[in-house]
Amino acid sequence: MPTPARPEPAERASSSAAPVKPGAPYLPFTRPTIDDETIAGVAEVLRSGWLTSGPKVKEFEARLSEYCGGRPVRAFNSGTCTMEIALRIAGIGPGHEVITTPLSWVATSNVILAVGAKPVFVDIDPRTRNIDLKQVEAKITPNTRAILPVDLAGLPVDRDYLYAISKKYQLRTIEDAAQSFGSTWKGKRIGATGDFVSFSFHPNKNITTIEGGCLVLNDEKEAKLAEQYRLQGVVRTGNDGMEVSLVGGKFNLTDVAARVGLGQLPHLDEFTAKRRELARIYFELLDTPANRALGLRLPPPDFTQGNWHMFQVILPEEKLIAARTDIMAWLHSVGIGTGVHYPAIHLFALYRKLGWTDGDFPHAEYAGRNILTLPLFPAMARADVVRVVEALSAVIEAHLKP
Ligand SMILES: Cc1ncc(COP(=O)(O)O)c(C=O)c1O
């Protein structure tokens, strides 16, 4: 590995074009693991003549429901639409407020805007990087209808505290558990308890359907409504009966995608165990006196509840002469992929236009500027983590302020 020389700004700008070190394969920050049986199963579906929503989707929903303790589950073509549909089922729309976090994929708050309601952001707890539940009650008004928290990187939000607030103020809860499939809270699987629970099966997630998601609901009445919102509001009866009583969309999962999910689900626990093992190695190598002196902030060392959807460090902005983008470019130049999950939502142009500005949520903003996702996926080996930590330590060391 080349030693990162302390670069001049012009050099830094060009470092993204540096070649990958010969012999070192590019290590992306994530990569799905799909076995041959699943690939063969997809070919079977393609040959079957039934491609869109059909028997495979039904089977996938049944397996997901078993996984979620028998609760009703419906599959969709994204995680995003499941949250929008949960909000609609809860009757949330114009004039209503929904409390959420500013540190998430922008889908989390876009769905609130999409139903005509107002997102009310609450800053994150800088330790967990999840919504700071201690600050939620102060933001509740007569218009508040729901809380929409996110389990960032798969680390579960405190469900006891969350549901104590929801119950006290009679609010609905839409758990954005896009990243926490496979996580648990006090021994219970995320999805097996609670109000609405939304999962995503995007390829970056711990299991995938390529694109897709599912919504865990409370009863069959909600599940029927979810089916209507999923496909044009249609209700079918008998062979030729059709009625439409609400405006639905086009959010159904295909059987091809469901077959991918059916092949992934049995591996979930094994994937989670592997991710935890890799996360432990990151701690072993990063939580040393020499690396602590670099000022990197590590995630909470949780090895029982979270699914380690991502391993994210927060760079010590105040100690560095380089920006995050330069550090990412240098890591890329030595064949290491990293990601940014996520910039603070309230500082995007759309949200600034709605009135939010710099300084509103200082912890989320600091994380948004400095958070860095390191490679973590089940097919990685210890040597990959060693390589990432050596490269990261070297590039940070080379860019510390004198
Ligand atoms: C926290 C969070 N919320 C929502 C979503 C939306 O999921 P999808 O991309 O499946 O629509 C994602 C996934 O990207 C996510 O990470």
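Here, the structure is the one placed above.
If you're wondering where the values come from, they're calculated on a predicted model, not measured in any experiment. (Residues numbered from 1 in each chain as written. Predicted model: local features only at pLDDT ≥ 70, side-chain atom pairs only at ≥ 80, totals over all residues. Heavy atoms only, no water.)

Draft legend 1. Just the packing of aromatic side chains, in detail. Evaluation of the coordinates by the stated rule reveals 15 aromatic pairs. With a centroid separation of 5.5 Å and 75 degrees between ring planes, the pair formed by Phe181 and Phe201 is classed as edge-to-face. You can see Phe181 sitting in the loop between strand S5 (172-176) and strand S6 (184-185) and its partner Phe201 sitting in the loop between strand S8 (196-200) and strand S9 (213-216), a full 20 residues away along the chain. The pair Phe181 / Phe201 is uniform in exposure class, with both members buried. Following the ring pairs from residue to residue traces out a cluster consisting of Phe60, Tyr67, Phe181, Phe199 and Phe201. (Phe/Tyr/Trp six-rings, centres within 6.5 Å; stacked < 30°, edge-to-face > 60°. Helix = DSSP H or I, 4+ residues; strand = E, 2+ residues; numbered from the N terminus. Buried < 20%, exposed > 50% of the residue type's maximum accessible area, 1.4 Å probe, protein only.)

Draft legend 2. How the structure looks around empty space enclosed by the protein. One pass over the full model with this rule turns up two cavities of 30 Å³ or more. In this structure, the largest cavity spans a volume of roughly 130 Å³. Residue lining of the largest cavity: 14 residues in total, with Leu152, Ala153, Leu155, Pro299 and Trp308 positioned closest to the centre. By volume, the second largest cavity is sized at about 60 Å³. Lining the second largest cavity are 13 residues, and of these Arg31, Pro32, Thr33, Lys205 and Asn206 lie nearest its centre. In the lining of the second largest cavity, the residues fall into five nonpolar, five polar and three charged. (1 Å grid on protein atoms, 1.4 Å probe; cavity = no way out; pocket = protein on both sides within 12 Å on 5 of 7 lines; lining within 4 Å. Points joined across faces, edges and corners; volume = space filled by probe spheres on them. Nonpolar A, V, L, I, M, F, W, Y, C, P; charged D, E, K, R; others polar.)

Draft legend 3. Geometry of the side chain of Gln179. Following the sequence through the fold, Gln179 ends up in the loop between S5 and S6. One polar contact links Gln179 to Tyr342, side chain to side chain, over a distance of 2.9 Å. (Polar contact = N/O pair within 3.5 Å; in protein donor to acceptor, adjacent residues only side chain to side chain.)

Draft legend 4. Structural context of the site of the ligand. Looking at the ligand, there are 15 residues lining it, with Gly79, Thr80, Asp176, Ser200 and Lys205 nearest. The separation between an oxygen atom of the ligand and a polar side-chain atom of Gln179 is 2.9 Å. The separation between an oxygen atom of the ligand and a polar side-chain atom of Lys205 is 2.9 Å. Here the ligand, which alone exposes 390 Å², has 93% of that area covered by the protein. Structurally, the ligand is housed in the second largest pocket. With three residues, the top contributor of residues to the shell around the ligand is helix H4 (residues 79-89). Here the shell around the ligand is composed, by residue class, of five nonpolar, eight polar and two charged. (Near = heavy atom within 4 Å. Areas by Shrake-Rupley, 256 points an atom, 1.4 Å probe, with all protein chains shown as cover. Sits in = over half its atoms within 2 Å of the grid points.)

Draft legend 5. Spatial organisation of the nonpolar core. One finds Tyr282, Phe311, Val313, Leu331, Leu392 and Ile396 to be the most contacted residues of the largest nonpolar core, which totals 35 residues. Among the secondary structure elements, those contributing two or more residues to this core are helix H9 (268-286), strand S12 (311-314), helix H11 (324-333), strand S13 (371-374) and helix H14 (382-398). At seven residues, H14 tops the list of elements feeding residues into this core. In this structure, Phe311 is in contact with Ala279, Tyr282, Phe283, Leu286, Pro299, Leu372, Thr373, Leu374 and Leu376, ignoring residues within four places of it in sequence. (Core = buried A, V, L, I, M, F, W, Y, C linked by side-chain atoms within 4.5 Å. Contact = heavy atoms within 4.5 Å.)

Draft legend 6. Geometry of the state of the cysteines. The final tally for this structure, using the stated rule, is zero disulfides. In this model Cys68 remains outside any disulfide bridge; the closest cysteine sulfur is found in Cys214, 6.1 Å from its own. Residue Cys81 stays outside any disulfide, its sulfur separated by 11 Å from that of Cys214, the closest cysteine. Look at Cys81 and you get buried, because its relative accessible area is 4%. (Disulfide = S-S within 2.5 Å.)

Draft legend 7. Local environment of the side chain of Thr209. Mapping Thr209 onto the fold places it in the loop between S8 and S9. The exposure class assigned to Thr209 is buried, which follows from its relative accessible area of 0%. Within the structure, Thr209 has its side chain in polar contact with the backbone oxygen of Glu211 (distance 2.8 Å). Once residues lying within four places of it in the same chain are set aside, the contact partners of Thr209 are Phe60, Phe201, Leu253, Ala257, Val260 and Gly261.

Draft legend 8. The arrangement of the layout of surface pockets in detail. Empty space within the largest pocket amounts to approximately 470 Å³. Around the largest pocket, the lining is made up of 16 residues, and of these Lys58, Glu227, Arg230, Val234 and Arg236 lie nearest the centre. Contributing elements (two or more residues each) for the lining of the largest pocket: helix H3 (55-67), helix H7 (220-230) and strand S10 (234-237). The element contributing the most residues to the lining of the largest pocket is H7, with four residues. When its residues are assigned to classes, the lining of the largest pocket shows six nonpolar, four polar and six charged. Estimates place the volume of the second largest pocket at around 400 Å³. What lines the second largest pocket is a set of 29 residues, among which Trp105, Ser200, His202, Lys205 and Tyr342 lie closest to the centre. Classifying every residue of the lining of the second largest pocket by side-chain character gives 11 nonpolar, 15 polar and three charged.

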